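Geometric and topological summary
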Number of protein chains: 2
Amino acid sequence: MKKRNLFYAQSGGVTAVINASACAVIETARAQRDRVGKIYAGRMGIVGALREELIDTGKDSAKSIAALRHTPGGAFGSVRYKLKSLEQSAAEYQRLIEVFRAHDIGYFIYNGGGDSMDTANKVAQFARKMDYDITCVGVPKTVDNDLPITDNCPGFGSVAKYVAVSTLEAGIDVGSMPQTKVFILEVMGRHAGWIAAAGGLAGKDRSEPPHIILFPEVPFDEARFIDKVRESVERYDSCVVVASEGIRRPDGSFVAESGTKDAFGHAQLGGVAPHLAEVVRGKLGYKFHWAVSDYLQRSARHIASRVDVEQAYAVGKAAVEMALAGVHGKLPIIVRTSDSPYRWKVGQADLTKVANVEKKLPRNFITSDGFHITGACRRYLAPLIKGEDYPPYKDGLPVYVQLKNVLEKKKLPAWEG
Amino acid sequence: MKKRNLFYAQSGGVTAVINASACAVIETARAQRDRVGKIYAGRMGIVGALREELIDTGKDSAKSIAALRHTPGGAFGSVRYKLKSLEQSAAEYQRLIEVFRAHDIGYFIYNGGGDSMDTANKVAQFARKMDYDITCVGVPKTVDNDLPITDNCPGFGSVAKYVAVSTLEAGIDVGSMPQTKVFILEVMGRHAGWIAAAGGLAGKDRSEPPHIILFPEVPFDEARFIDKVRESVERYDSCVVVASEGIRRPDGSFVAESGTKDAFGHAQLGGVAPHLAEVVRGKLGYKFHWAVSDYLQRSARHIASRVDVEQAYAVGKAAVEMALAGVHGKLPIIVRTSDSPYRWKVGQADLTKVANVEKKLPRNFITSDGFHITGACRRYLAPLIKGEDYPPYKDGLPVYVQLKNVLEKKKLPAWEG
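Residues numbered from 1 in each chain as written. Chains lettered and ligands numbered in written order. Predicted model: local features only at pLDDT ≥ 70, side-chain atom pairs only at ≥ 80, totals over all residues. Heavy atoms only, no water.

1. Overview of the interface of chain B and chain A
Defined as follows: Contacts between residues were defined by any pair of non-hydrogen atoms, one from each residue, lying within 4.5 Å. Here's the idea: put two parts together, see how much 1.4 Å probe accessible area each one loses, and the total over both is what we call buried area. Salt bridges are defined by distance alone: a side-chain nitrogen of Lys or Arg within 4 Å of a carboxyl oxygen of Asp or Glu. The way it works is that DSSP assigns letters per residue, a run of H or I at least four long becomes a helix, a run of E at least two long becomes a strand, and they are numbered from the N terminus.
With 65 residues of chain B at the contact, the number on the chain A side is 70 residues. Here chain B meets chain A over a buried area of about 5,500 Å², counting both sides, of which 63% is carbon and sulfur. Counting every contact that joins chain B to chain A gives four salt bridges. Among the salt bridges present, the one from Arg298(B) reaches Asp173(A), with a minimum N-O distance of 2.7 Å. The set of elements that each furnish at least two residues to the side of chain B that touches chain A consists of α6 (156-176), β6 (182-187), α9 (272-284), β9 (288-292), α10 (295-299) and β13 (397-398) of chain B.

As structure tokens, then:
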């Protein structure tokens, strides 16, 4: 069989383990020297392909590539850039195929969330339409855990572990300080409450922190929230709240809407915790503290879930194996075969089935009052945070790798997109 | 020698390692069964003594006490309660001595910061004045590192490590996302910038995150800050800022007490990070993210500094040894004997010298432009975050101990304070 080159790119918000998938893609492809020629990575995701900015990962040693497994962030740069429909952006798709053709890309591996799986799917379709011979495979990635079909999504387990550990630790702190009554931790989750739900693992039940969880799936009712906070303080002497950034009022507006939008057209959010703290202060007068995790939660490789790291590696490896087997327009997914003991395997799904569908928390994962997680939710979440996978340390800090990121020589005129 | 009982209490804001000091106090005292009778802990610090709420730590197993070494927060409850001068609050001091007398307390070990060392000192003085036979020893504790005399303060090394690791990880995240230009991390430090300074360890120099550090010691000049942010974004394509919660304007007012509105139109609630983000957006228009660590930073036992844990244990142990040797009115301190290799030992200082004095960052630890740390500061800080000391985990979460906290039977009428 003819040797072809491989193009890999990272897309959307990065995670603590997306580089573990990159590590797997490169290591697996390097082991197939008779099938795979050069292994390129897009500088800043798909934009790197459009601009013909192809990083030659062959310039980095096996040791550096191995270190990606324990390095957070996106080693080649990531970007929020959504290709429009084939009708609207034919020029972009044509440019991608030109770049792929110029560099003899036979394998396209795209690592991202729902929007990115949509991009991968469109590229897959367009290439076939243009009769360009390429195998396109997605690699699932999102801290939000909102991809359908796959049991869970690499990237989520580690942010879940960060949020559960942080809630546990902050809860102990609040419990030590009788003067502080309310603590609010704001976590990511624009439309789906998976990350907030993970905070619920910190306590055995709602008598332990967190006492209240606020999900985007449940309309935020200020009066009921205030009642719950008062009840918790009266009963347990404190109230720890984990709040999704994406909670909405009954009229559908975000509690923390900023008025600005990101490149995908999503509203930029932030500041739910200070808003809720102000509500608590105004209505109840309790002494409070609040924290906003923001990027810390998704970059916290130091407290990554071992299960998550293993799954991120497994889907990267499977993607290359699928591409080499000619499996086009699909992505590897995580299939759970047992809750306890937790067992999983890698399966496959069509990109079309995963693209642009948001998997929200099912109703039976949220208690009937809307403020906590159910036993079913615990059974689902618990295995995903299992195990530690510490990075190496030097002088008190994790040793994370910075690749050389040497660009391949361009062969085409500059892109005027 | 006659057996006497010991009273230990935790005071002020808790840390990731104050329980390691408690562990050392109890373990060291338990090993002196011929000298020490019961080992009590105050429920909620000194308030527990005033209310005669004495926790009998003898009800907890050696295994539980050993687990304090890796458990964050204050195991017996802590409180912000400052005794006034002997003249103003004679009744309180008298009550303390009554409680001590009723329970034959011969050793008083008080674990806290500057205010608490003041309390310990007053108790020491008053007991002598009342001819009550007791030996009073302090144990240094504060995340703020603002105690004088001691080279550093147990509790600080772990928050320093948390902030350095978080800045490193968030910096990698920001560097992966070319669309996000500015990231602001707000950390503790109301009057002293030690914690913010620790963020500076994340990069080898100011070309790496954090690009800007804001200290309470340096008046906040908005125009100069904006210039620095622009310069960083133009030069490095991003700007990571670590900001002390306690930064002030040239007129002395806290930036967090602005009374303005944040980026999301909500009333400003005391968050420096959202305020700075709003300034950046208004003046420069860059896409930004911000995080507020709050309690997470000081309870993050999962990423504690091994040096810090060892020092917290060492001062607890030394305090009991000092008390048994009749050393009254002093506290153990950390004495640095070498920067590299880092060497330290436990020394002693008078409580009067440590009480109510705030050690701020010396001028030569801050660069001449006021926005970063110097080599001298790095040499001082670097050893304090060294080494990891992971807690045990079960099912993905750290196993932290919850003591029984059984109260001793009261012997006195209720306190009407």
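On we go from here.
2. Concerning the pattern of salt bridges
Under the convention used in this document: Only protein chains enter the calculation, and the probe is 1.4 Å; a residue is then buried if its accessible area is under 20% of its type maximum, exposed if over 50%, and partly exposed in between.
On inspection of all chains with the given rule, the structure shows 50 salt bridges over all chains. With a shortest N-O distance of 2.7 Å, Lys228(A) and Asp369(A) are connected by a salt bridge. Here Lys228(A) is found in helix α8 (residues 222-236), whereas its partner Asp369(A) is found in the loop between α12 (351-354) and α13 (375-381), with 141 residues between them in sequence. When its relative accessible area of 18% is taken as the criterion, Lys228(A) is described as buried. Looking at Asp369(A), the relative accessible area reads 17%, which means it is buried. Its salt-bridge partner being Lys2(B), residue Asp104(B) comes within 3.6 Å of it at the nearest N-O pair. Here the residue Asp104(B) occupies a position in the loop between α4 (90-102) and β4 (105-112), and Lys2(B) occupies one in the segment before β1 (4-10), the gap between them amounting to 102 residues. By relative accessible area, Lys2(B) is classed as exposed at 59%. By sharing partners, the salt bridges in this structure join Lys2(A), Arg4(A), Asp104(A) and Asp133(A) into a single network.

3. Comments concerning the environment of Ala243(B)
Residues and elements named next belong to chain B. Mapped onto the elements of the fold, Ala243 is located in strand β8 (residues 239-244). The class for Ala243 is buried, based on a relative accessible area of 0%. A C-alpha to C-alpha distance of 14 Å links Ala243 and Ala170, two positions 73 residues apart in sequence. Setting aside chain neighbours within four positions, we find Ala243 in contact with Leu185, Glu186, Val187, Leu214, Val272 and Leu276.

4. Section: the relation of the copies chain B and chain A
In plain terms, the rule: Least-squares fitting of one copy onto the other uses the C-alpha atoms of those residues that reach a pLDDT of at least 70 in both copies.
Once chain B has been moved 0.0 Å along the axis and rotated by 180°, it coincides with chain A to within an RMSD of 0.2 Å. Both chain copies can therefore be described as sitting about a two-fold axis. Most of the interface of chain B is mirrored in chain A, where 94% of its interface residues are also at the interface.

5. Observations regarding unusual backbone geometry
All names here are of chain A. A cis geometry characterises the amide bond from Pro209 onward to Pro210, with omega recorded as 0°. The topology assignment puts Pro210 in the loop between α7 (194-199) and β7 (212-214). With a phi close to 70°, Ile149 is a non-glycine residue in the positive phi region. In the Ramachandran plot, Asn405 falls in the positive-phi region, its phi being about 50° despite a non-glycine side chain.

6. Some words on helix α1 (residues 18-30) of chain B
All names here are of chain B. Defined as follows: For a helix, the expected span equals 1.5 Å multiplied by the number of residues minus one.
Given a rise of 1.5 Å per residue, 13 residues ought to cover 18 Å, and the 18 Å separating the end C-alpha atoms of α1 matches this to within 8%. Burial analysis of α1 places 12 of its 13 residues in the buried class, which makes it a mostly covered element. Within α1, the full set of buried residues consists of Ile18, Asn19, Ala20, Ser21, Ala22, Cys23, Ala24, Val25, Ile26, Thr28, Ala29 and Arg30. Tucked into the core, α1 has its buried residues touching β1, β2 (36-42), α3 (62-67), β4, β5 (135-140) and α11 (306-324).

7. Quick notes on the pairing of β1(B)
Residues and elements named next belong to chain B. Convention followed: Any two strands are treated as partners once DSSP identifies two or more bridges connecting them. Handedness is read with the strands pointing away from the viewer; a crossover is right-handed when the path from the first strand over the helix to the second is clockwise.
The buried fraction of β1 amounts to seven of the seven residues, a majority that puts the element mostly inside the structure. The pairing of β1 with β2 spans four bridges and is classified as parallel. Bridging across to β2, Leu6 finds its partner in Ile39. Since β1 and β2 lie parallel, the crossover through α1 that links them has a hand, and here it is right-handed. Of the pairings in the sheet, the one linking β1 to β4 comprises six bridges and is parallel in character. Its bridge partner lying in β4, Leu6 is registered against Tyr107.

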